[in-house]
Amino acid sequence: MWFNVVYLTIVALIAGFERLMPYEKQWLERDGETLNDIAHTLLSKGGVQIAAAIGASAPMAAATVLQPSLSSPLSIWPHAWPLALQVALGLTIAELGLYVAHRAAHEILSLWRFHALHHSVERLWVVNTGRFHIVDSLFKIALSQIPLYLMGAPLPVFLWIGAVTAFIGLLTHCNIDVTTGPLDWVFSTPRLHRWHHSKVLAEGNTNYGENLVLWDQIFGTYFNPARRPPADIGISGRVAEGFIGQLVQPFSAKGFRQILGRRKDRPVTIVSGKEQHSHSEVGR
Ligand SMILES: [Zn+2]
Ligand SMILES: [Zn+2]
């Protein structure tokens, strides 16, 4: 309960600052997606909590049924370390799973069909932080948390990772005019995430990190040029209207085509006299 109280208070504070000192004024305009954003957030968070409950109880159930002598040989977690260090280690390991899941969601078309919902927004603000298709969310959770379970990480580490991920997530989408300076080298900041939402493939297929950008730097997908990130964001495909429509769209062949934007009547976006190559047009 306290987590939710703090979380909602921070959401309200960020929303207030977005009005007072917006980074992009045009992102303050309504896009008609607010209720869908909230519904996807609630479903994904509910899905996360159910997955976490199953994940937390399954090893306990297994441990109860099996004899202790059968405990996993992979239980190599450094339980003796101070909690802060364990959380830092857990974040780094979880982040590798998040990175792989996020990058796969951009580079493999059958996964992009679920992740496109997140990129279909044309404004960034605190409320569409959690706009993820439930399948997209579950995929990320699986890849980021299973390694920690296998290593035998304790519950407090999972709780702290969940809290840190929730708060950094809120900040990455915030439309507040702040500079993050050297933080851009370590954390996934609003500036880095704005590049990630670019329509231009070479700019958008970067900065996959959810909390930390360590793996982007190691695998060469870190992107932070000196110029201003684009205000014109989104995808060239079309995402369905309405929460249920958006949930079921990726599961039909027609919906998949709409998401990819490969219909014959798809308009081509012209920017400054040049065709704008967007996510779904270039090999997504
Ligand atoms: Zn993405
Ligand atoms: Zn985003």
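Bear in mind the structure is a predicted one, so any value in this text is a computation, not a measurement.

**Q** Could you clarify how one ought to interpret helix H6 (residues 155-172) in this entry?
**A** In an α-helix there are 3.6 residues to a turn, and that puts residues three or four apart on one side. The terminal C-alpha atoms of H6, which comprises 18 residues, lie 26 Å apart, in line with the 26 Å expected from a rise of 1.5 Å per residue. Every buried residue belonging to H6 is among Val157, Ile161, Leu171 and Thr172, and all of these are buried. The buried residues of H6 occupy one face: seen down the axis, they fall within an arc of 95°. Exposed side of H6, more than 90 degrees from the buried face: Leu155 and Pro156 are the residues found there.

**Q** Sorry if this is basic, but what is going on with the UniProt feature "transmembrane region" (unreviewed entry) in the protein here?
**A** When the UniProt feature table is mapped onto this chain, "transmembrane region" (unreviewed entry) is found at residues 148-171. Along residues 148-171 one finds 88% helix and 0% strand; the C-alpha atoms at either end are 25 Å apart.

**Q** Looking at this structure, I do not really get the packing of helix H3 (residues 83-107) against helix H5 (residues 134-151). What am I missing?
**A** For any two helices packed against each other, the geometry is given by the interaxial angle and the distance between the axes. Contact geometry of H3 with H5 gives a least axis separation of 8 Å together with a crossing angle of 145°. In this structure, H3 crosses over H5, and the sense of that crossing is right-handed. Here Gly90, Ile93, Ala94, Gly97, Leu98, Val100, Ala101, His102 and Ala105 of H3 lie close against H5, whose contacting residues are Asp136, Phe139, Lys140, Leu143, Ser144, Gln145, Pro147 and Leu148. For the contact of H3 with H5, the class distribution of residues is ten nonpolar, five polar and two charged.

**Q** Can you walk me through the nonpolar core in this structure?
**A** It is characteristic of soluble globular proteins that their nonpolar side chains tend to be buried jointly. If you look at the biggest cluster of nonpolar residues, it comprises 28 residues, and the most contacted ones within it are Leu91, Ala94, Ala105, Ala116, Leu117 and Ile161. When residues of this core are traced back to their parent elements, those giving at least two are H3, helix H4 (109-119), H5, H6, helix H7 (190-196) and helix H11 (253-260). When residues in this core are grouped by element, the largest group, seven residues, is from H3. Contact partners of Leu117, with chain neighbours within four places excluded, come to Arg131, Phe132, His133, Val239 and Gln246.

**Q** Please clarify how H11 should be interpreted in this entry.
**A** The set of residues buried in H11 consists of Gln258, Ile259 and Leu260. Summarising the contacts, the buried residues of H11 are in contact with H4. In the stretch just after H11, Gly261 is the one whose phi turns positive, near 75°.

What counts as what
Residues numbered from 1 in each chain as written. Chains lettered and ligands numbered in written order. Predicted model: local features only at pLDDT ≥ 70, side-chain atom pairs only at ≥ 80, totals over all residues. Helix = DSSP H or I, 4+ residues; strand = E, 2+ residues; numbered from the N terminus. Expected span 1.5 Å × (residues − 1). Buried ≥ 20, exposed ≤ 12 C-beta atoms within 10 Å, placed from the backbone. Arc of directions from axis to C-beta. UniProt positions renumbered as here; feature names shortened; annotations may be inferred. Axes fitted to C-alpha atoms, helices over the stretch in contact; angles between N-to-C directions. Left-handed = near helix turned anticlockwise from the far one by under 90°. Contact = placed C-beta atoms within 7 Å. Nonpolar A, V, L, I, M, F, W, Y, C, P; charged D, E, K, R; others polar. Core = buried A, V, L, I, M, F, W, Y, C linked by C-beta atoms within 7 Å.

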